[in-house]
Amino acid sequence: MGKIRLTTAQALIKFLNQQYIYVDGKESLFVEGIFNVFGHGNVLGIGQALEQYSGHLKVIQGKNEQGMAHAAIAYSKQMLRQKIYAVTTSVGPGSANLAAAAGTALANNIPVLFIPGDTFATRQPDPVLQQVEQEYSLAVTTNDALKPVSRYWDRITRPEQLMPSLLRAFEVMTDPGKAGPATICIAQDVEGEAFDYDEKFFEKRVHYVDRKAPVERELKGAAELIRASKKPVILVGGGAKYSEARDILISLSEKHNIPLVETQAGKATVESNFKNNLGGMGITGTLAANKAARQADLFIGIGTRYTDFATSSKTAFDFDQTKFLNINVSRLQAYKMDAFQVVADAKTTLEQLAPLLEGYESDFGGEIAELKAEWNAERDRLSQVTFQRENFLPEVKNHFSQEVLNEYADALNTELAQTTALLAVNDTISPDSVIITAAGSLPGDVQRIWNTSEPNTYNVEYGYSCMGYEVSGALGVKLAEPTKEVYSLVGDGSFLLLHSEFITSIQYGQKINVVLFDNSGFGCINNLQMDHGGGSYFCEFRTHDNKILNIDYAKVAEGYGAKTYRVNTVEELKAALEDAKKQEGSTLIDIKVLPKTMTDGYESWWNVGVAEVSDKESIQKAFELRKQKLETAKQY
Ligand SMILES: Cc1ncc(C[n+]2csc(CCOP(=O)(O)OP(=O)(O)O)c2C)c(N)n1
Ligand SMILES: O=C1C[C@@H](O)[C@H](O)[C@@H](O)C1=O
Ligand SMILES: [Mg+2]
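- Under an unreviewed UniProt entry, the name given to the protein is 3D-(3,5/4)-trihydroxycyclohexane-1,2-dione hydrolase, and the source organism is Neobacillus bataviensis.
- The annotation that UniProt attaches to the protein under Function (unreviewed entry) is "Involved in the cleavage of the C1-C2 bond of 3D-(3,5/4)-trihydroxycyclohexane-1,2-dione (THcHDO) to yield 5-deoxy-glucuronate (5DG)."
- Word for word, the UniProt comment on the protein under Catalytic activity (unreviewed entry) is "3D-3,5/4-trihydroxycyclohexane-1,2-dione + H2O = 5-deoxy-D-glucuronate + H(+)".

Structural data, given as C-alpha cells:
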C-alpha cells in the first residue's frame, strides 16, 4: 500500500479536503473552511500545515474562540447541517473559550469540528505555558472540560491515532440522529510529528445521509392515532427543518385541516403567512398556538426535543386527554412525553403517512383561521405601542413605576417600545433577509411576532440561549448566504458580552447588519426576578450613584469601521434600515428602547427555582403559585 509522509496536522488538513456529503442524490463538499485563532498550541502545527496546503478550505482568522465557533455553528445551522467550518484554537485558555460554543452546538444538534491544541504528549517541558498542571493527574488538561459539551471527544497523542479519530468524528457529524460537535484535541508536539500515512486514508470519502424510513408498524400506528383524533396539532421542530419537510407539512395541514405550531428551531420551516401556521408555541409562544395546543387530543411532535420553552414546562397540554405521537430520527427524543414513537426521518414519514390519511379531516373547522386572525390583531397592537408620560401600561406590568419608566425615557432619550421597533424592522427589511438572535428578550419577541415570509430565514439559537451567538453567528450566516442581507438582532447585554466577530465581518468584507436594542440592562432577567417577587437587583445597568448607563454603541462600532446609525424613533429606524441596505460593508443600528416593552404572557408558564423561604411576602407568594402550577404539570 502506498504511503505518504506527513505531519499529523498536514494529514488532518489533507483529510478535511476530501470529505463529501451525499443528501437526496446530491454530492457536495462537507468542510467549507476553517476558523483560527493561532497561539503556540496550534500555529506551528496546524498553522504550518495550512500555510503549506489548505486546498479548497477557506481560512478565516477569528477574534475570539467562542465567537468564531459561534460563527461556525450558525453557518452549519443555516446550511441545514450539510456543510461545516472547522475551528482550530490554541491550548489552555484558547480551548477553554470553546466551551460555551460547544454547548451551543451540542444543545442544538449542530455538527461542527473543534480542533484545540493540547499539552505536550512527551511531557518533556511540563508544565508548558498555559498547562493547568492538575495535581491529581497529568493526563487532565483544560480540554477535558470540553468532554461534557462534545458529542464526540478525543485526544491525539500519536500521529496514527488521527485516522480512526477523524472517521468517528465525521460519522457523528453526518448522522442526523446524533449530529453535534466533534472535538479532536491534538497534543502540540504531535501536530508537527511525521508519520507514514496510508495514501488510501486521503482518498475521496462520501458520507451518505440516507433518509431513514418508518417501519410498517410505526406507520400504521401513527395513521390510526391521527384518524382517531378530533383535534390533532403538529409541532414543527428543528428536525422538520433539517429534513426539509416544508412542502409535505403544508400539504398535510391543508388537506386535513391540522394547525401547525413551531419551536424556535422549527420556525421558518413553513413561512408565517401559511394559513394554518399559528406560530411559536410555549413560554414565548403566541396565544393562538398555545390555545390550539391546550385543545389538542393528539399532539404530533416532529423533530422536537420538547424543551421547557416549547411545552411551558410541561403545562401546555391537558394531559388527561392529549396523546402524543413523535416523529424523530433520534430514539432518545422520540421517547419523550410517553409518545407513540416513529424513529425515522420527518419528511419521509409524512410522505408515507399521506396516503393512509385519505379522507380524514380534523374537527378544527374555521377555528384555526379565527385563532390566527385574533393573533394578527394582537401583533398589530404590538406594532403601535405608544409611550406616555402618565399612566403608561407596558407589556411587562407592575415592575417599574411611571417615574422609573420616565427616568429611562429621559436617560436614553427615547419613547420607543421594543415591540414597535422590532415590527418596524420586520416590515422594512427585504423578505428574504435572514435574522439571527439567541438570548435575552428578543428570542421571545421574534418567536411570537416576527413574520417569516420565506423558509430558512430565521436562525435563532434557543437550545443553549448563549449570549454572544447573535453577532458572531451573523458572520456564519453571511458566509452561508452571501447574496442575502443578514440582521443580527441583539440586546445591549449580549452585545457587551461578545461581539468580536463583528470586526471579522468588516475585515473580510462579509456584510452583516447589527440591530442593537439598548434598554440599558439585562432586561429579561430583570423581568424574571421581579415576576417572582424580587426587587430590581443588579440587572439594570446603573452607575454607582444609580444613574442609568447610556452607552453610545454607534460610536463604538464606528471605531471598528462600520457604518452606524443612532435611532430613537420609528421614522429614524426605518430610514437607517433603508440606508443600511445600500451599504457594502457591515452596519450597526443603535436603537434605544424602553425597558418592560417586550412581549409577555399569552397563557404560558416557566418552572424556575423560586426561593422556598424568604423575608419577602411577594417571593413567598411566588413560591406558592409555582407549587399550585406544578400540580397541573406532567411530572416527567
Ligand atoms: C453566555 C450567557 N451568559 C448568561 C446568560 C443569562 N442571560 C440570559 S439573557 C441575559 C441578559 C440579556 O440582556 P440583553 O442582551 O440586554 O437582553 P434584554 O433581556 O435586555 O432584551 C442573561 C445575563 C446567557 N443566556 N448566556
Ligand atoms: O435565563 C435566561 C432567560 C431567558 O429569558 C433568556 O432568553 C435566556 O437567554 C436565558 O438565559
Ligand atoms: Mg438589554
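**Observations regarding the sheet that holds strand E23 (residues 587–592)**
Hydrogen bonds between backbone atoms are what pair the strands of a sheet, whose relative direction is either parallel or antiparallel.
Now for step 1: In spatial order, the strands read E19-E18-E20-E21-E23-E22; together these six strands make up an open sheet with parallel pairing. The open sheet is flanked by strand E19 (458–460) and strand E22 (563–567), the only strands paired with a single partner. Across this sheet, the average inter-strand angle for adjacent strands is 15 degrees, counted without regard to direction.
Now for step 2: In terms of strand pairing, strand E18 (residues 434–437) meets E19 through three bridges, oriented parallel. Pairing of Ile435 across the sheet is with Tyr458, part of E19.

**Some words on helix H5 (residues 99–107)**
Now for step 1: For H5, the tally of buried residues reaches seven of nine residues, placing the bulk of the element in the interior.
Now for step 2: Where H5 is buried, its residues touch helix H3 (65–78), strand E7 (112–118), strand E9 (181–187) and helix H19 (469–480).
Now for step 3: Positive backbone phi, at 55 degrees, marks Asn109, one or two positions downstream of H5.

**Focus on the coordination of the magnesium ion (ligand 3)**
For a metal with four donors in a tetrahedral arrangement, the ideal angle between donors is 109.5 degrees, while six donors in an octahedron ideally sit at 90 or 180 degrees.
Now for step 1: Coordination of the magnesium ion (ligand 3) by the protein involves Asp492 (OD), Asn519 (OD1) and Gly521 (O), with metal-donor separations of 2.0 to 2.1 Å.
Now for step 2: All donor residues of the magnesium ion (ligand 3) come from one chain, and their arrangement in sequence is D-x26-N-x1-G. You can see Asp492 sitting in helix H20 (residues 492–497) and its partner Gly521 sitting in the loop between strand E21 (513–518) and helix H22 (523–531), a full 29 residues away along the chain. Gly521 matches Asp492 in its accessibility class, with the two residues each being buried.

**A word on the domain arrangement of the protein**
Now for step 1: Considered domain by domain, the protein is made up of domain 1 (3–208), domain 2 (216–375) and domain 3 (384–592).
Now for step 2: Relative placement of domain 2 and domain 3: their C-alpha centres are 31 Å apart.
Now for step 3: Between domain 2 and domain 3, roughly 1500 Å² of surface is buried when both sides are summed, and carbon and sulfur atoms account for 49% of that area.
Now for step 4: Scanning the region where domain 2 abuts domain 3 turns up zero salt bridges.
Now for step 5: Our count for the domain 2 to domain 3 interface comes out at 13 residue pairs in polar contact (both at pLDDT 80 or more).
Now for step 6: In the side of domain 2 that touches domain 3, the residues fall into six nonpolar, nine polar and six charged.

**Focus: the packing of aromatic side chains**
Now for step 1: A full pass over the atoms with the stated rule returns 25 aromatic pairs.
Now for step 2: Arranged with centres 5.8 Å apart and planes meeting at 65 degrees, the rings of Phe299 and Phe324 form a pair that is edge-to-face. Taken together, the residues Phe299 in strand E15 (residues 298–302) and Phe324 in strand E16 (residues 323–327) connect sequence positions 25 residues apart. Per residue, the accessibility class of Phe299 equals that of Phe324, and both read buried.
Now for step 3: A ring pair is formed by Phe317 and Phe319, whose centres lie 5.6 Å apart and whose planes are at 75 degrees; its orientation type is edge-to-face.
Now for step 4: With a relative accessible area of 2%, Phe317 lands in the buried category.
Now for step 5: Looking at Lys147, its charged tip hangs above the ring of Trp153, at a distance of 4.5 Å from the centre.

**A word on the packing of helix H17 (residues 418–428) against helix H24 (residues 570–582)**
Now for step 1: Where H17 meets H24, the closest approach of the two axes is 10 Å, and the angle between their N-to-C directions is 35 degrees. Of the two elements, H17 crosses H24, and the hand of that crossing is right-handed. Across the interface between the two elements, Thr420, Ala421, Ala424, Val425 and Thr428 of H17 pack against Val570, Leu573, Lys574, Leu577, Glu578 and Lys581 of H24.
Now for step 2: Looking at the contact of H17 with H24, its residues break down into six nonpolar, two polar and three charged.

**Some words on the environment of Tyr553**
Now for step 1: Tracing the chain through its elements places Tyr553 in helix H23 (residues 553–560).
Now for step 2: Through-space distance from the C-alpha of Tyr553 to that of Val233 is 44 Å; in sequence the pair is 320 residues apart.
Now for step 3: The residues touching Tyr553, leaving out its near neighbours within four places in the chain, are Asp492, Phe495, Leu496, Leu516, Asp518, Leu588, Asp590 and Lys592.

**Let's talk about the site of ligand 2**
Now for step 1: Taken together, Ala439, Gly440, Tyr462, Ser465, Cys524, Ile525 and Trp606 make up the full set of residues adjacent to ligand 2.
Now for step 2: Here Tyr462 contributes a side-chain N or O atom positioned 2.7 Å from an oxygen atom of ligand 2.
Now for step 3: A distance of 2.5 Å separates an oxygen atom of ligand 2 from a polar side-chain atom of Ser465.
Now for step 4: When ligand 2 is considered free in solution it has 290 Å² of accessible area, and contact with the protein chains removes 71% of it.
Now for step 5: Among the residues forming the shell around ligand 2, the class breakdown is five nonpolar, two polar and no charged.

**What about the UniProt feature "binding site: Mg(2+)" (unreviewed entry) in the protein?**
Now for step 1: The positions that UniProt labels "binding site: Mg(2+)" (unreviewed entry) are, in the present scheme, Asp492 and Asn519. The named residues occupy 28 residues along the chain; their greatest pairwise C-alpha distance, 6.9 Å, places them in one compact cluster.
Now for step 2: With relative accessibility at 1%, the residue Asp492 sits in the buried group.
Now for step 3: Leaving out residues up to four positions away in the same chain, Asp492 has contacts with Leu516, Phe517, Asp518, Asn519, Ser520, Gly521, Phe541 and Tyr553.
Now for step 4: Looking at the element boundaries, Asn519 is found in the loop between E21 and H22.
Now for step 5: Excluding residues that lie within four positions of it along the chain, Asn519 makes contacts with Tyr408, Leu412, Gln418, Asp492, Val593, Leu594, Pro595 and Met598.

**Focus on the pattern of salt bridges**
Now for step 1: Taken as a whole, this structure holds 35 salt bridges when the rule is applied.
Now for step 2: For the salt bridge of Arg542 with Glu540, the shortest nitrogen-to-oxygen distance reads 2.9 Å.
Now for step 3: Its relative accessible area of 18% is what places Glu540 among the buried residues.
Now for step 4: Linking Glu578 and Lys581 is a salt bridge whose minimum nitrogen-to-oxygen distance equals 3.2 Å. You can see Glu578 and its partner Lys581 sitting in helix H24, three residues apart, about one turn around the helix.
Now for step 5: Among the charged side chains, a salt-bridge network with shared partners connects Asp118, Asp144, Lys147 and Arg155.

The rules behind the values
- Residue indices follow the written sequence of each chain, beginning from 1 at its first position.
- Chain letters and ligand numbers both follow the written order, the letters beginning at A and the numbers at 1.
- The predicted origin of the model limits local features to residues at a pLDDT of at least 70 and limits the giving and counting of side-chain atom pairs to 80 or more, whereas totals for whole chains, interfaces and linings rest on all residues.
- Values shown for side chains rest on all heavy atoms present in the structure; no hydrogens or waters enter the calculation.
- UniProt positions are given in the numbering used here, feature names are shortened, and annotations may be inferred rather than shown by experiment.
- Pairs of strands are assigned from DSSP output, requiring at least two bridges between the strands.
- In DSSP terms, a helix is any run of H or I states spanning at least four residues, a strand is any run of E spanning at least two, and both are numbered starting from the N terminus.
- For helices, the fitted line uses only the C-alpha atoms of the stretch in contact; every axis is such a line through C-alpha atoms, and the angle between N-to-C directions lies from 0 to 180 degrees.
- Each residue gets one of three labels from its accessible area relative to the maximum for its type: buried under 20%, exposed over 50%, partly exposed in between, using a 1.4 Å probe on protein chains only.
- Only heavy atoms matter for contacts: two residues are in contact if any of them lie within 4.5 Å across the pair.
- With water excluded from the atoms, a metal site may look incomplete; its donors are any N, O or S atoms within 2.8 Å, or within 3.2 Å for Na, K and Ca.
- In this entry, domain limits derive from an automatic or database-based domain assignment.
- When two components associate, each loses some accessible surface as probed by a 1.4 Å sphere; the sum of these losses over both components is called the buried area.
- Criterion for a salt bridge: a side-chain nitrogen of Lys or Arg within 4 Å of a carboxyl oxygen of Asp or Glu.
- Two N or O atoms count as a polar contact when they lie within 3.5 Å, although within protein this holds only if one can serve as hydrogen donor and the other as acceptor, and sequence-adjacent residues are included solely when both atoms are side-chain atoms.
- Throughout this entry, Asp, Glu, Lys and Arg are counted as charged residues, while Ala, Val, Leu, Ile, Met, Phe, Trp, Tyr, Cys and Pro are counted as nonpolar. The remaining residues, Gly among them, count as polar.
- Classification of ring pairs rests on two measures: the distance between centres of Phe, Tyr or Trp rings, Trp counted by its six-membered ring, which must be within 6.5 Å, and the angle between planes, read as stacked under 30 degrees, edge-to-face over 60 and tilted in between.
- Both a distance and an angle decide whether a charge sits over a ring: NZ of Lys or CZ of Arg must be within 6 Å of the ring centre and within 35 degrees of the ring normal.
- Crossings are assigned a handedness: left-handed for a near helix turned anticlockwise from the far helix by less than a right angle, right-handed for a clockwise turn.
- In these notes, residues near a molecule or strand are those with any non-hydrogen atom within 4 Å of it.
- For the accessible areas, the method is Shrake-Rupley and the probe is 1.4 Å, while residue cover comes only from the protein chains on display.

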